[in-house]
Amino acid sequence: MDFSRRQFFKKTSQSAMAIPFLGTLAVDPCEAATSAEFDLSMGNPEDAVRLNFNENALGPSPLAIEGAMAGLKEGCRYALGGMLRPLIAKHHGVDADWVLMGTGSTELQRLAPISHLRDGGNVVSGFETWGGGLVVADNMGAEVKRIPLLKDNGYSFDIPAMLNAVDNDTKIFLIVTPNNPTGAAAPFEQLKAVADALPDDVLFVIDEAYADYLPDGWKTGVDLIKEGYQNVLVTRTFSKAHAMAGLRSGYGIAHPDILKEISKFGCGPASTSIVVFGAVQGALNDKEHAIKSRQHVENCRKYYEEQANSLGIKTVSGVPPFILFELGDRCAPIFNALRKRNILISQGKSWNLPNHLRISYGLTGENEIFFNALKETL
Ligand SMILES: Cc1ncc(COP(=O)(O)O)c(C=O)c1O
């Protein structure tokens, strides 16, 4: 799809004009619409290799697509997102009132500071980490104590230093596990030690966007909640292993009182679209798809490690669908050279890692294009 902005508007206005006729011709608009008529490129060139946003290029499960299409045809109806809660609750073995649906897990991450820093207070988190909610805390004027990760321990969170930073004003303690962009995953004993050490009035937020990539049997924050810890908020998403980033669905699991506070400010009853409502049901019914995603990521990780090794590039990675390449001051020139070839990756400086580039794994062919281009730019 390669047409200018002007062509885009022309084409969409033509299709809008065509809709009444579609009705009389009894053509189903869902069937009639082809991607050629709509610009979904997000401003990227047609041949762009998009390895920059930790998206899952495998695409959603066929069942999720079927669910989304069913929802689309009911697009005149509001979806009551709360009705998905029993399904999510069953999936995790918790009660339905311990689940809150959000427009992506980012919504919950952003609401946590809004609800919990209303009367002031600070946040303790890591330095080299994804901070969707931390930005909100910053914007609220709250102090955010960003503790450097442990470089010599796979860039994991420095839990003793973070706990040391907790004071009487601390209201939120946030970790991301597995972490973006370093991939480090916190062992359950560590999560438990934090939950035990934190005062009752500190909300322990655990961002588990990449938890579906953890090995079977790995215990997470959800297990912490099931063990009875009441000051824990875990956020999960359909964006990653379920490959539904553009559909925007995530959720929080926590004690109902915490969810009640958070939902005063967002995650409203109609904040889930009916398309997503259908897609989530399909995704939850297709256990194989998330397993397939995990397998693909494992294969990609092996391939990227081998290739990087052969090029003498040091890497940092874990189970999530991305890897860091340590390239020092070659980061910016390589990033720019790849961008000129329409190969999109991310600069580690976004997460305070200026000597690294982050590459999200793509499809096999995309990964090969990336390495062929990288070899030529090195
Ligand atoms: C750690 C982490 N949490 C949350 C998100 C956003 O997730 P969602 O699409 O559910 O808002 C991302 C996106 O990359 C992420 O890396």
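From a predicted model like this one, the values you see are computed outputs, not experimental measurements. (Residues numbered from 1 in each chain as written. Predicted model: local features only at pLDDT ≥ 70, side-chain atom pairs only at ≥ 80, totals over all residues. Heavy atoms only, no water.)

**As for the packing of helix α12 (residues 287-310) against helix α14 (residues 364-377)**
As a packed pair, α12 and α14 sit with axes 11 Å apart at the nearest point and diverge in direction by 15°. Taken as axis vectors, α12 and α14 run roughly parallel relative to one another. Between α12 and α14 lies a crossing whose hand is right-handed. Judged by residue contacts, H296, C300, Y303, Y304, Q307 and A308 of α12 engage T364, N367, E368, F370, F371 and K375 from α14. (Axes fitted to C-alpha atoms, helices over the stretch in contact; angles between N-to-C directions. Helix = DSSP H or I, 4+ residues; strand = E, 2+ residues; numbered from the N terminus. Parallel < 35°, antiparallel > 145°, perpendicular 65-115°, else oblique. Left-handed = near helix turned anticlockwise from the far one by under 90°. Contact = heavy atoms within 4.5 Å.)

**With respect to the side chain of T182**
Relative to the helices and strands, T182 resides in the loop between β5 (170-176) and α8 (188-197). Within the structure, the side chain of T182 is placed 3.0 Å from the backbone oxygen of Y155, a separation counted as a polar contact. Discounting residues that sit within four places of it in the chain, T182 has contacts with E128, L149, G154, Y155, V316, S317, G318, F322, L324 and L353. (Polar contact = N/O pair within 3.5 Å; in protein donor to acceptor, adjacent residues only side chain to side chain.)

**A closer look at the domain arrangement of the protein**
Along its sequence, the protein is carved into domain 1 (49-57 + 288-377) and domain 2 (67-284). The distance between the C-alpha centroids of domain 1 and domain 2 comes to 25 Å. Between domain 1 and domain 2, the contact holds 21 residues from the first and 21 residues from the second. Counting each side, the surface lost to burial between domain 1 and domain 2 is near 1900 Å², with a carbon and sulfur contribution of 62%. Of all residues in domain 1, R294, V319 and W351 bury the most surface against domain 2, accounting for 29% of the area lost on that side. At the surface where domain 1 touches domain 2, the tally comes to one salt bridge. Between D216 and R294 there is a salt bridge, with the nearest N and O atoms lying 3.2 Å from each other. The tally of links between domain 1 and domain 2 comes to nine residue pairs in polar contact (both at pLDDT 80 or more). Of all elements in the fold, only α12, β9 (314-317), β10 (322-326) and β13 (356-360) reach the threshold of two or more residues within the side of domain 1 that touches domain 2. (Domains from an automatic or database assignment. Buried area = accessible area lost by both parts, 1.4 Å probe. Salt bridge = Lys/Arg side-chain N within 4 Å of Asp/Glu carboxyl O.)

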